Amino acid sequence: MQILQGEAARQALSRSFNDIPVPESVLARNEQLYGERLTPQQVVERILADVRVRGDDALLDWTEKVDGFRPTLRVSAEEIVAAQIAPELHEALRLAIRRVRDFYRQQPAHGWIDHGEGGALGQLVRPLSRVGVYVPGGLAPLISTLIHTAVPAQVAGVPDIIVTTPPNREGQIHPAILVAARELGITQVFRVGGAQAIAALAYGTASIPRVDKVAGPGNLFVVIAKRLVFGQVGIESLPGPTETLVIADDTASARYVAADLLAQAEHLGAEPVLVSSSRDLLIRVQAELGGQIEALPEPNRSWARDSIESRMKIVLAADLNEALELSNLYAPEHLCLLTRDPWSLLGGVRRAGGVFVGEASMEALGDYVAGPSHVMPTGGTARFMSPVNVRDFQNIISVVGVNAAELARIGPAAALLARAEGLEAHARAIESRLNAAEDAPGLSR
């Protein structure tokens, strides 16, 4: 595998969301399903338009076309209550819920009103009324995604959470997803995935209520759908095919580096990136990857091999400063620091979804029980977006309540600025109060 350096590395790590590659297999499948070689965006546009017009009928038709069956959309309360999993898995699930909830309870999430001499200024913070959570569940039921998305919304105070998740080939939802919903007190779970699920949450259908915001990761079709419905509904970010960038020096264990890269490479469409100041380590990691891939069971082995062979980037940096520079350019979803003194690098991190510091803090731990949500921005969007957090599920409303004395002090400047912008009515609205205060002293009370 080619080792990139210098300008070649910078070009390879420069990207935007629109640069996400579309695998040939996706284009081929689109041609098989639709009789045309449609791009993912063209497919998504068709689905969104159809669901917006035909509602539930379109959901069922598209699910049958893509997944091969027509599901019962709503998971019944009886199914949720009856779902059972092994006791040790149930306890692990409860641990994850507890740790994620404890983490987000630490996030400042309240408003404030400052009553000073000039009156009052502040912010009201109100939870969204209804949120849709998308949980990937076809090839790999991401049980933890429900926890890592719904819990921050609950901490924010959202009273109504709707879950959509694709069923397996038998039309069933993984019981652990249903148990997680039960533990979280969520009763509205629907068997539908892909772009059609995002359309239902954005526009509403007879079965699935329209939400204020859609949150959760998904495949390329889901991410494109979220981007296209933005404005009709809110989105928390664009978390699509996963990615991990590992910065390692000559002290790093090649076995650990390879394991961290493969932990994400086993997701379909994943992009692993390794940046090191040690050529020797890069060579040792490549050898280690081969053995670890072969040790994986199928289909994980094939998924990981595809990610490594098709999308992995290996970069030799001049030093750790350049490694950080390249990482900030790439803006990874996950940044793993496996160096002699990883904490010394933290101050240089500017763009990343999450940072995993040291050998004991592997990213895979963060996917489940560390505390912060694993729903993070991908595709370079960590340059301007953040991981799921409490603020994603709240409205912030500004409050302005100045008194007459403060108006007299700051009003003339506001009127002057208004006229500079050519907005005479703005200036006169301000001056009408200033004049009234002079003519009627009672206004100052």
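Shown above is the structure to which this text applies.
Residues numbered from 1 in each chain as written. Predicted model: local features only at pLDDT ≥ 70, side-chain atom pairs only at ≥ 80, totals over all residues. Heavy atoms only, no water.

Asker: I'd like a description of the pairing of strand 10 (residues 271–276), backed by residues and values.
Answerer: Taken across its six residues, strand 10 has six buried, putting it largely inside the fold. Of the two faces of strand 10, the one holding Glu271, Val273 and Val275 and the one holding Pro272, Leu274 and Ser276 are both buried throughout. As paired strands, strand 9 (residues 243–248) and strand 10 are joined by six bridges and run parallel to one another. Paired with leucine 245 across the bridge in strand 10 is valine 273. Since strand 9 and strand 10 lie parallel, the crossover through helix 11 (residues 254–265) that links them has a hand, and here it is right-handed. The pairing of strand 10 with strand 11 (residues 313–316) spans four bridges and is classified as parallel. Bridge pairing in strand 11 places leucine 274 opposite isoleucine 314. (Buried < 20%, exposed > 50% of the residue type's maximum accessible area, 1.4 Å probe, protein only. Helix = DSSP H or I, 4+ residues; strand = E, 2+ residues; numbered from the N terminus. Pairing = 2+ DSSP bridges. Right-handed = clockwise from strand over helix to strand, strands pointing away.)

Asker: Now, about the packing of aromatic side chains: what can you tell me, with residues and values included?
Answerer: Throughout the structure, instances matching the rule amount to two aromatic pairs. Each ring, one from tyrosine 34 and one from tryptophan 62, has its centre 6.0 Å from the other, and the planes form 55°; the classification is tilted. Taken together, the positions of tyrosine 34 in helix 2 (residues 24–34) and tryptophan 62 in helix 4 (residues 56–67) put the pair 28 residues apart, joining distant regions of the chain. Take tyrosine 34: its relative accessible area is 14%, and that puts it in the buried class. Sitting over the ring of tyrosine 330, arginine 15 keeps its end group 3.6 Å from the ring centre. (Phe/Tyr/Trp six-rings, centres within 6.5 Å; stacked < 30°, edge-to-face > 60°. Lys NZ or Arg CZ within 6 Å of the ring centre and 35° of its normal.)

Asker: Residue-level account of the sheet that holds strand 3 (residues 119–127), with values.
Answerer: Taken in spatial order, the three strands line up as 2-3-14 in an open sheet, and their pairing is antiparallel. Two strands lie at the open edges of the sheet, namely strand 2 (112–116) and strand 14 (394–402), each paired on one side alone. Ignoring which end each strand starts from, the neighbouring axes of this sheet average 15° apart. By the bridge criterion, nine bridges tie strand 3 to strand 14 in an arrangement that is antiparallel. Each bridged residue has a counterpart across the sheet, and for valine 125 the counterpart in strand 14 is isoleucine 396. (Axes fitted to C-alpha atoms, helices over the stretch in contact; angles between N-to-C directions.)

Asker: Break down the sheet that holds strand 4 (residues 130–134) for me, with residues and values.
Answerer: Strand order in the open sheet formed by five strands is 6-5-4-7-8, and the pairing between neighbours is parallel. Across the chains shown, the open sheet's two edge strands, defined by having one partner strand only, are strand 6 (188–191) and strand 8 (234–235). One ladder, built from three bridges, connects strand 4 with strand 7 (residues 213–215); its direction is parallel. Residue valine 133 lies in a different strand from strand 7, and its bridge partner there is alanine 215.

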